Amino acid sequence: MAPKKKEEPKPVAAPKPPEPEPPKEPEFNPAEVKIEFTAEQIEDFKDAFQLFDRTPTNEMKITYAQCGDLIRALGQNPTNAEVMHVLGKPKAEEMQVKMLDFEQFLPLHQHICKAKDRGTFEDFVEGLRVFDKEGNGTVMGAELRHVLATLGEKMKEDEVEQLMAGQEDANGCINYEAFVKHIMAG
Amino acid sequence: MGCGVTKTSEFNRKFDKDGNVIPAAITMKAAVLIQRWYRQYAARMEVRRRYTWNIFQSMEYADLQDQIKLYNFLGYLMDNFTPPSSERNLISHIFRENEVCRDAEWERYFSYTNIDVPDIYSGPRLTFPLDMDQAADLVEAFKKKQQLHSRYVLQLLLETWKLLKVLPNINRVSTCHSKEITICGDLHGQLEDLLLIFYKNGMPSLEKPYVFNGDYVDRGKDSIEILLILFAFLLVFPGDVYLNRGNHEDHIINLRYGFTKEVLNKYKLHGKRILKLLQKIFSWLPLVTVIDQRVLIVHGGISDTTNLALIARVDRHRYVSALRPPKKKTPSRTNVYADSERYDEMIICKNRRGSLTFPKPFGARESFQRRSLQDFSRAVARTLEEEFEVRRRQGEFSLSSFSKSHRILSSAVSSDSEPESSEFTDTSNEEWKQILDLLWSDPMSHDGCIPNEVRGGGCYWGPDVTEGFLNRHNLQLIIRSHECKQDGYEFCHNRKVLTLFSASNYYEVGSNRGAFVRLGPDLVPYFVQYQATSMTRGLSFPQNVKRTEHTALKVLREQLFVHKSDLLSAFQEIDKENTGLICLNEWASAIERVLHLDLPWRVLHPQLVSSTTDGRLDYHGWFRDLALKKPSSEHIEQTMLETLYRHRSTLETIFRIVDTDNSGLITFEDFRQTLKLLSAYLKMEISDEVINKLVISTDTNNDGSIDIDEFMEAFRLVDKSRLERGKSLLKLMQDNQETESPQPVYSTAPQTSQCPASQPADPPASNTTDSACSQTANPPALQTADSPGSLAEDCPASQTEDLCHISVVVPPQ
């Protein structure tokens, strides 16, 4: 039964079940994706793609492991599961080894861009509000750290640290609207 | 990847303010949401970090191009002066060798015994032979920002010189008795990094041998202190400290990159002698180190002709500077100099990561005569010889001891060139190239070996050359430095070549880590990375990224501004209808065509362009937004300003060479001549009237001399965006005083209770100077006039704990 709060938390839209791995979704087929980006957008993506290209001879290829980062750098925010899905569920050891080039990358990116729910500022705030026990606009830093490191698509300790650095006040509380603005502003 | 089973979800039960349980599902959703956003944030940070790095690397390459411009200009001078034109004096200024010859005379010249040390000097008083405690005390003293008295400096340097003269060209080290050897790369005057290394790894000792791989000086502000520390330990532990020569251990390079200036500032009375002595010491530094006959440590690298047997035999001290070979070439006066435009066109396509992109990077330019340091120095030597000849006849000239060759040379001149002198010459040319290759080369990803035209000396060598070299010499690994790496070190060539760089925050605070490596008898490298963060304590990683990014962008904007004329023509070529607008794509490709910096302009454009309408950019407005000229340079015409700005480091170097008494002033006449020569070289008109205006714009001392620093200041651009953000005037002045090494300028974020390290830019905390002993030194307060005032006042001099650092120990691969 949904608890009563001052505001009803907006549920995150349907395609996001609690488990990161959606068991029923069919395998991803890049060939079926229609690219709808404009030429300008594609130029932008190419530039960013090159930034991630670490091959010594500049082959315009990135590893599977970088794919998620690149998609995120371009403004999307997929879950790790979604990234793995479009990559075809590679094994862990393949992530650093298998590469893709720009042409292979485009359909993956397109698919993620088309995903209906991308999450807005409000969604994000709502997500944090869940942890606002007092309903006063703050969350306990310690609690948030714990959650982020143990639930969902767990974050590593140093990632949590980076996220939270300098955000807690003297009482260990975080004003989450400010926090969200900080994250979104980058 | 689930979130753990029931146990965890029980543990993670959440409650709302009414005490009701929040279903785990919602908590989960929330967690995932936040994590998604975090990861996007991290990815954006990463992109910024990367392009910031690319910007710095590109700027460095552009800067190296500047160096080549300097050589070209000097070459032009040599080619084009005609006696007895007035310019000749200027040029002979530049290449004049000083008096004095034999070693005994040198020792007299460098004598320190009649330098008195005042009682009030509170720095270390060295007694020779040095011992371990004194070396440690020296480190402590420098940590406290004291300055070693010039008497002890000279004494220490003399002792070092004596020791170096008996060392072989190739240091041979062994890891017997399970001793681990520590190897450090470039330090570039960054004392905090050396102190950090000692802190983490211990100071050199019998149990702790060290190899230092060159480039101790230039760019950073404590080059002399680093040298003194390294030499002190070398004297105390000659069997356990090994120093290699780097390309910056070269007095002409030092003129341009700051070491000369540093020494002259710190040691006003004896600086020149100290520099002269260092000139000799640098030439006596060993060239390479070999560990267990298996690992080669060299500053730059190798070429396809590198031959260690030959290296072992050369008289290394004859190769004083990359710009001065010891002998002339046989007089076949091929014109190796193209004019400036054609040479400057030869800007190499640079890979962002510092190795060549294209299989044939020089493409159609292969037919073009390649200028290299060697070519240039040959020409320099040639005309030097002519100089000698003239002076010899005039009876003014006395030969330097290290160039007996010159004696041979000038007699050869008078009796027509002899056949054996050419053979003699070829050997020395070969040796010359071998040494240049060792100190200047860079690895590349493709097979082969080509001249390194970005640096102007040495080669780019490929994996096949590494393979061949290692096989021929029965070695297994090359450890080199010379190039900045973001993580402090980087392998290439199938892990057979390791680049090691020990100056963290090299481009800017937060730009990169430094690293050192330990090798035990198994010869498996063990890395320690670090970042001296005394300047950024209290700033989080994202804030760090932002600061670094800000600096990079500022530098980039300056580059755009000073290329305005070229960019404008490029834009107008595209915008044929003169609408004043171009689309982003064209903007990006035009910039790349003009600047050749190989940067991701589309990714950068939000940072460089404030607004676009319909994806089109108003380029006139954009130029207006970029930067402002300083009021003092308002009247200077745009193209002139751009040209002078682009060649400012050349100009500055020439000025400093010309300023032979190191007063910081040059005569109006020299100034005028330099500018005229530069403009002739650039095929630009610069009338006397314009020169006069230039002079007037900077405060002259009304005695016909010009203050070099003040003049160069006129060409610093004001960052318009900062101005408009309403920063205080003080901050503005501070920014304008930024020199090559970053000053600890703080953001407005409130600091934590611990105060960041005070960084008095120049003056030592103690009262010691080496000026006239009879006077009492100025109290420190007065001396801090130059440093960002607010910092010195706010912060107590917290010392040893300042070296807060991030370190990641990487286990052996």
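Residues numbered from 1 in each chain as written. Chains lettered and ligands numbered in written order. Predicted model: local features only at pLDDT ≥ 70, side-chain atom pairs only at ≥ 80, totals over all residues. Heavy atoms only, no water.

With an unreviewed UniProt entry as reference, chain B is termed Serine/threonine-protein phosphatase, source organism Carassius auratus. For the record of chain B, the UniProt heading Sequence similarities (unreviewed entry) holds the text "Belongs to the PPP phosphatase family." (UniProt positions renumbered as here; feature names shortened; annotations may be inferred.)

Under an unreviewed UniProt entry, chain A has the name Myosin light chain 1, cardiac muscle-like and belongs to Carassius auratus.

In this section: the overall build of chain A. When helices and strands are tallied, chain A shows 8 helices and 4 strands. Here chain A holds 186 residues, and 44% of them are scored as buried. Accessible surface for chain A amounts to roughly 9800 Å². Of this, 53% is attributable to carbon and sulfur atoms. (Helix = DSSP H or I, 4+ residues; strand = E, 2+ residues; numbered from the N terminus. Buried < 20%, exposed > 50% of the residue type's maximum accessible area, 1.4 Å probe, protein only. Areas by Shrake-Rupley, 256 points an atom, 1.4 Å probe, with all protein chains shown as cover.)

Let us look at the pattern of salt bridges. Residues and elements named next belong to chain B. Counted according to the given criterion, the structure contains 30 salt bridges over all chains. We note a salt bridge from Arg48 to Glu549, for which the minimum N-O separation is 2.6 Å. Of this pair, Arg48 sits in helix α2 (residues 24-80) while Glu549 sits in helix α18 (residues 541-562), and the two are 501 residues apart along the sequence. The shortest N-O distance in the salt bridge between Glu180 and Arg518 comes to 3.1 Å. In this pair, Glu180 sits in the loop between β3 (170-173) and β4 (181-184) while Arg518 sits in strand β15 (residues 514-519), placing the two residues 338 residues apart along the sequence. One salt-bridge network, in which partners are shared between bridges, spans Lys221, Asp222, Glu225, Glu262 and Lys266. (Salt bridge = Lys/Arg side-chain N within 4 Å of Asp/Glu carboxyl O.)

Summing up the model confidence of chain A, the mean pLDDT is 80 and the portion of residues at 70 or higher is 83%. Per-residue pLDDT stays below 50 along residues 1-13 of chain A; that stretch engages in 22 contacts with residues further than four places along the chain or on separate chains. (pLDDT = per-residue confidence, 0-100. Contact = heavy atoms within 4.5 Å.)

Residues and elements named next belong to chain B. In space, the 3 strands of this open sheet follow the order β9-β11-β10, with mixed pairing throughout. Strands with a single pairing partner mark the edges of an open sheet, and in this sheet they are β9 (442-443) and β10 (449-451). One ladder, built from 3 bridges, connects β10 with strand β11 (residues 459-461); its direction is antiparallel. When the bridges of β11 are listed, Pro451 appears paired with Cys459. (Pairing = 2+ DSSP bridges.)

What follows is about the sheet that holds strand β7 (residues 288-291) of chain B. All names here are of chain B. Sheet architecture is open: 6 strands sit in the order β3-β7-β8-β12-β14-β13, paired in mixed fashion. With one partner strand each, in any of the chains shown, β3 and β13 (489-492) form the two edges of the open sheet. Across the sheet, the mean angle separating the axes of adjacent strands is 20° when strand polarity is ignored. Relative to β7, β3 is paired through 4 bridges, and the arrangement is parallel. Directly across from Arg172, in β7, lies its bridge partner Val290. Sitting on the sheet, helix α17 (residues 463-473) is in contact with β8 (295-298), β12 (477-480) and β14 (497-500), with an inclination near 115° to β12. (Axes fitted to C-alpha atoms, helices over the stretch in contact; angles between N-to-C directions.)

Residue and element names in this part refer to chain B. Between the first and last C-alpha of helix α6 (residues 150-165) there are 22 Å, a value that for 16 residues agrees with the 22 Å anticipated at 1.5 Å per step. Within α6, 12 of the 16 residues are buried, leaving the element largely enclosed by the surrounding structure. Within the sequence span of α6, burial applies to Ser150, Tyr152, Val153, Leu154, Gln155, Leu156, Leu157, Leu158, Thr160, Trp161, Leu163 and Leu164. (Expected span 1.5 Å × (residues − 1).)

Residue and element names in this part refer to chain B. That bond from Phe128 to Pro129 is cis: its omega, 5°, falls within 30 degrees of zero. Among the secondary structure elements, Pro129 is positioned in the loop between α4 (103-109) and α5 (132-143). One non-glycine residue, His188, lies in the positive phi region at around 45°. As for its placement among the helices and strands, His188 is situated in the loop between β4 and α7 (191-201). A positive phi angle, close to 80°, is found at His482, a residue other than glycine.

Attention now goes to the domain arrangement of chain A. One can read the domain layout of chain A as domain 1 (33-114) and domain 2 (121-185). Between the C-alpha centres of domain 1 of chain A and domain 2 of chain A there is a distance of 28 Å. (Domains from an automatic or database assignment.)

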